[in-house]
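# Architecture at a glance
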Amino acid sequence: MATLIFAVGIIGTVLSLLVFASPIRTFREVVKKKSTENYKGAPYIATFLCTSLWSFYGVLKPGGFLVAAVNGAGALFHSVYILIFILYSPQHTKMKTAHYVGVVDVGFPATVISVTVLVLDGSIQLTVLGMLCSALTVLMYASPLLAMRTVIKTKSVEYMPFLLSLFMFLNAGAWALYSLLLRDFYIGIPNFVGLVLGSAQLTVYLMYKEKACGKGNMVSAMEMGAYECEEGASKMKKNIKVTTDKGLKRVKSLPQPTTLNRQETIERVLKKALSFGENNDHRLDDVHSIIRLINFTSHTTA
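What you see is a predicted model; the values in this text were computed from it and never measured.

This brings us to the nonpolar core. Grouped together as the largest cluster of nonpolar side chains are 26 residues, with contacts concentrated most on V19, L53, W54, L129, C133, Y141 and M168. Those elements that provide at least two residues to this core are helix 1 (2-21), helix 3 (42-60), helix 4 (65-88), helix 6 (123-142), helix 8 (162-182) and helix 9 (185-208). Counting 13 residues, the second largest nonpolar core, distinct from the first, contains F27, V30, I82 and V101.

Shown next as structure tokens:
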């Protein structure tokens, strides 16, 4: 049994590290674009709070080294994410996020740790801290619901990181199994809830993933529909080209306008106009004089 618990714990640790590392691609794009766009900071703030308190729980609990170590790594990852988010978010979001971080990720954990150490004693410490960590873990798993709301509203998964949702689902499953083997219900209850919420997130992602095709977002290349979208765009370009070529051929096939000599046209019109009545010879001399005057004027203007 001890070997099985250790093996499941290692699997849970690896999956947790993948969860903590999955936003790296997102924040790489944030740094590249120098903007957080429509990404939400709540999941990273909630996860930092949760991992910092679970680290403290692991320190207090006998045999809780694995819990303390993996959550300590998570707190370190998310402190970097929060710093980048504040740095590249708009001014109004920057101030609001900094305020939340000060209250939720600094003031609250400091208060909890102080009360646990100075006021509580013995097993009551683990009971109170375990219940608090369980509640916060449920909030951590529920925090991507903000992203789900954006997905449903915009009908696009552009701002819902797929890897984060997937690894959180797998991570919740591994730690739920670990809690059953270890009989630690403080770890088990929130991870069972996380398993359900993770399933909901993946379901929403699969429903709206086709909308991401053509948006140019960083997860569209991972989707199965990306190839079909690209192939459809290629066919559309070919059809446009064929239609354009046919149109040009039709234009070229139209009869070309007859090129008329300017002097001959003027002479013909004037002869016809002046040919009525008597003294035709005299009128023809007038025609030639008018033509010479027009030619002289046009050359001078040029």
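Having seen the model, we can carry on.
Here we come to the packing of aromatic side chains. One pass over the structure, following the stated rule, counts 6 aromatic pairs. Note on W54 and Y57: the rings are 5.1 Å apart at their centroids and 85° apart in plane angle, and the pair reads as edge-to-face. A residue pair is termed a helical-turn pair when its members lie 3 or 4 positions apart in one helix, as W54 and Y57 do in helix 3 at 3 residues. You can call W54 buried: its relative accessible area is 7%. Accessibility expressed as a relative area gives 2% for Y57, which makes it buried. Ring centres 6.3 Å apart and planes at 40° place the aromatic pair F77 and Y81 in the tilted group.

Moving on: unusual backbone geometry. Even without being glycine, K34 reaches a positive phi, approximately 55°. One non-glycine residue with positive phi stands out, namely R183, at about 60°. For R183, the position within the fold is in the loop between helix 8 and helix 9. The exposed category is assigned to R183, whose relative accessible area is 70%.

Here we come to a positive patch on the surface. The grouping of K40, K96, R149 and K153 at the surface amounts to a positive patch. With respect to the helices and strands, the residue K40 is situated in the loop between helix 2 (24-33) and helix 3. Note on K40: relative accessible area 40%, which makes it partly exposed.

Helix packing for two helices is described by the angle between their axes and how far apart those axes are. Close contact between helix 2 and helix 4 brings their axes to 10 Å; oriented N to C, the two are set at 25°. Classified by the angle between their axes, helix 2 and helix 4 sit roughly parallel to one another. Helix 4 is crossed by helix 2, and the crossing has left-handed handedness. On helix 4, the residues touching I24, F27, V30 and V31 of helix 2 are F77, Y81, I84, F85 and Y88.

Basis of the calculations
- Residues numbered from 1 in each chain as written.
- Predicted model: local features only at pLDDT ≥ 70, side-chain atom pairs only at ≥ 80, totals over all residues.
- Heavy atoms only, no water.
- Core = buried A, V, L, I, M, F, W, Y, C linked by side-chain atoms within 4.5 Å.
- Buried < 20%, exposed > 50% of the residue type's maximum accessible area, 1.4 Å probe, protein only.
- Helix = DSSP H or I, 4+ residues; strand = E, 2+ residues; numbered from the N terminus.
- Phe/Tyr/Trp six-rings, centres within 6.5 Å; stacked < 30°, edge-to-face > 60°.
- Patch = residues over 30% accessible without salt bridge, like charges linked within 9 Å, V, L, I, M, F, W, Y side chains within 5 Å.
- Areas by Shrake-Rupley, 256 points an atom, 1.4 Å probe, with all protein chains shown as cover.
- Salt bridge = Lys/Arg side-chain N within 4 Å of Asp/Glu carboxyl O.
- Lys, Arg positive; Asp, Glu negative; His and termini not counted.
- Charge placed at Lys NZ, Arg CZ, Asp CG, Glu CD.
- Axes fitted to C-alpha atoms, helices over the stretch in contact; angles between N-to-C directions.
- Parallel < 35°, antiparallel > 145°, perpendicular 65-115°, else oblique.
- Left-handed = near helix turned anticlockwise from the far one by under 90°.
- Contact = heavy atoms within 4.5 Å.

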